[in-house]
Amino acid sequence: MSTRESTDLPSPEALAPAKPADGIVTCDACPVLCRIRPGKTGACDRYGNSDGKLTRLEPLVVLERTLEQDGKLVPFLGERWNGAMLRDGASFVTGIGAGTTYPDYKPAPFIVSSSIDGVDMITVVTEGIFSYCGLKLKIDTDRYLGPEQAAVRVKGEQIGHVTTAEYGSQMLSVGGVHHLTGGSKKEGVITCEAMLALCAKQPVEMTIDGGATVIVQAGQAPIIDGAREERMRVGCGSATIGIFAQQWHGHADEVIVVDDHITGVLSEHQAGRFLDMRPAGIRVRGRKSTPGRYFQVADPGTGWGGTDVTDPLSIIERIDPKAARPGMRLLMVSTTGEHAAWFVLDELLVPRAAEMPAAIRVVVERIGENCEPALCSVLFMAGAGGSLRAGVTENPVRLTRSVRAEITRVTSGGAPVYVWPGGGITYMVDVTTMPERSFGYVPTPALVAPLEFTVPLDAYRAMGGHVEHVRRLDTLRGEARVEARDWPAVNPWPLR
Ligand code: SF4
């Protein structure tokens, strides 16, 4: 089954009930309602017609761990497992490969019970189809990626925008319902493809209007305008002064830490005053915030400390002869230690480049040592508070309340999620914590993501759950469609 049917939405004629003689089956797992001929797959490649039966093509993924509760993984001898080892408390059925029941008035595809320490637990699994979903990208760099609100593009189509920078990181917001379904068809398709690639931990190159070209890959260093980012800054300029002031004291008369956010000046800073340092009289450009802390010393860029500075002396506005003196020693350094220069003031109080003393170089290197590796983080965010809940319970608001009360645990492919406060079940999950091949798509376009709701049986019954559709875990034994994978030990075990 390798040939897919048309990806276009079907005509009204095509939606007519299939004649059994055709052997065609209609997939009702999403609104596209593909009519699939024998031996073919639907538009998303998730479902196929296998001997006249609608079949979910990927296996249902079950995560396994040892019973010792010590985090050791169950060995599978490298072979695909047929479900023979399913055990209460050691096997967790994920939504990966579970399929979707659409429309959602049907119970979820798998509602599985297992006994945990004498308590019957229910795990309801499904593959959610999300138009309302997006990605939050955290890119550890001080380099300028583009102005806030600027368009983020892939192949010329806008897939998102630059949002508020965070400490040591630039943030992009990608996807969302407006790019998936609110623009042109091409915009929706490219947005969906880019999101899917990012969720699959693949690299995606994006350009930012008025800014940089960046390659983003979950768990990897960003590549900005062709340069791989190595380090995340140790802190802003002021924080760097605070951390290293003691180590510079006695070896330098002034230290200026160049930073796009706050440039720090040691002798004026609280840390320098604490050390009884004399004011050096070197005034940097920009707007003084508080003593020794300056905003806007330069424009943002890809130079020193996320500014456009390539010559550090260019940010010195003046040197006050009443405070400065010949022979004064000045260190200028960036917040990653990647850029550093040593100067000594001459008789005319002009800073002259000189060889950096070993005691200073050690501290500059220590700035670099204290920087964490720069990484890209990709968080998938979606709303599971809509009709999907009807697959769990006939009274959906009770599921929402149960999640809010932390009676029902939500996971995505077994990975922990953060559920936002307020209405709905709006969750976020780090894609690097999820098993491989967790995500899919449908051509509406929308992303498909696994979801599991785990709840004690009594609470499930009380919320109006579909208890008549509960099946014991061991009934999955022997099903060819089940594939076991090692539980990722970085995640908390969901059946607690
Ligand atoms: S796109 Fe996929 S899920 Fe949707 S109807 Fe077609 S085969 Fe089924």
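Model, not experiment: these values are computed from the prediction.

Rules behind the numbers
- Residues numbered from 1 in each chain as written.
- Predicted model: local features only at pLDDT ≥ 70, side-chain atom pairs only at ≥ 80, totals over all residues.
- Heavy atoms only, no water.
- Helix = DSSP H or I, 4+ residues; strand = E, 2+ residues; numbered from the N terminus.
- Buried < 20%, exposed > 50% of the residue type's maximum accessible area, 1.4 Å probe, protein only.
- Contact = heavy atoms within 4.5 Å.
- Areas by Shrake-Rupley, 256 points an atom, 1.4 Å probe, with all protein chains shown as cover.
- Lys, Arg positive; Asp, Glu negative; His and termini not counted.
- Charge placed at Lys NZ, Arg CZ, Asp CG, Glu CD.
- Near = heavy atom within 4 Å.
- 1 Å grid on protein atoms, 1.4 Å probe; cavity = no way out; pocket = protein on both sides within 12 Å on 5 of 7 lines; lining within 4 Å.
- Sits in = over half its atoms within 2 Å of the grid points.
- Nonpolar A, V, L, I, M, F, W, Y, C, P; charged D, E, K, R; others polar.
- Pairing = 2+ DSSP bridges.
- Axes fitted to C-alpha atoms, helices over the stretch in contact; angles between N-to-C directions.
- Expected span 1.5 Å × (residues − 1).

S.K.: Please provide a residue-by-residue account of the overall build of the protein, values included.
M.R.: In terms of regular secondary structure, the protein is built from seven helices and 34 strands. Taken along its principal axes, the extent of the C-alpha atoms in the protein is 100 × 50 × 45 Å. Within the protein, buried positions represent 52% of all 496 residues. Sequence separation of at least 24 residues holds for 66% of the intrachain contacts in the protein that already meet a minimum separation of 6. Counting only carbon and sulfur atoms, one obtains 52% of the accessible surface of the protein, whose full area is about 22100 Å². Each charge sign in the protein was given a centre, from 51 positive and 58 negative side chains, and these centres are 3 Å apart.

S.K.: Can you tell me about the site of the ligand, naming the residues and giving the values?
M.R.: In the vicinity of the ligand, the residues found are C27, A29, C30, L33, C34, G42, A43, C44, R46, Y47 and P443. The cavity that encloses the ligand is the second largest cavity. Across the shell around the ligand, the residue classes tally to nine nonpolar, one polar and one charged.

S.K.: I'd like a description of the environment of D260, backed by residues and values.
M.R.: Counting through the fold element by element, D260 comes out in the loop between β17 (254-258) and β18 (263-265). Judged by its relative accessible area of 31%, D260 is partly exposed. In sequence terms D260 and I316 are 56 residues apart; their C-alpha atoms lie 15 Å from each other. Excluding residues within four positions of it along the chain, D260 makes contact with P300, G305, G306 and T307.

S.K.: Summarise the sheet that holds strand β34 (residues 482-486); cite the residues concerned and give the values.
M.R.: An order of β6-β5-β34 is seen for the three strands of this open sheet, with the pairing classed as mixed. The open sheet has two edge strands, β6 (91-93) and β34, and neither has a second partner. Geometrically, the sheet is characterised by an average inter-axis angle of 30 degrees between neighbouring strands, direction not taken into account. Two strands pair when backbone bridges link them, and strand β5 (residues 60-64) and β34 are joined in this way by five bridges, in the parallel orientation. Looking at β34, one finds that L60 is bridged to V482.

S.K.: Could you give me a rundown of unusual backbone geometry, with the residues and numbers involved?
M.R.: In the segment running from T444 into P445, the intervening peptide bond is cis, with an omega of -10 degrees. Along the chain, P445 turns up in the loop between β31 (440-442) and β32 (446-456). The backbone of Q149 shows a phi angle near 80 degrees, a positive value even though the residue is not glycine. Residue position: Q149 is located in the loop between β9 (133-140) and β10 (151-154). For Q149, a relative accessible area of 66% puts it in the exposed group.

S.K.: So, helix α2 (residues 185-199): which residues are in play, and what are the values?
M.R.: With 15 residues, α2 should cover 21 Å at 1.5 Å per step; its first-to-last C-alpha distance of 21 Å lies within 8% of that length. Along α2, 11 of the 15 residues are buried, which leaves the element largely enclosed by surrounding structure. Inspection of α2 places E187, G188, I190, T191, C192, A194, M195, L196, A197, L198 and C199 among the buried residues, and these make up the whole buried set.

S.K.: Explain the pairing of β17 to me, using residue names and the numbers behind them.
M.R.: Counting buried positions over the five residues of β17 gives five, a clear majority of the element. In β17, alternate side chains face the same way, and those of E254, I256 and V258 on one face and V255 and V257 on the other are all buried. Two strands pair when backbone bridges link them, and β17 and strand β23 (residues 329-334) are joined in this way by five bridges, in the parallel orientation. Along β23, the bridge assignment pairs V257 with V333. Of the strand pairs in this sheet, β17 and β18 are connected by two bridges, and their pairing is antiparallel. Among the inter-strand pairings, I256 is bridged to a residue of β18, identified as V265. Between β17 and β18, which follow one another and run antiparallel, lie four residues.

By themselves, these are just geometric observations and shouldn't be taken as functional.
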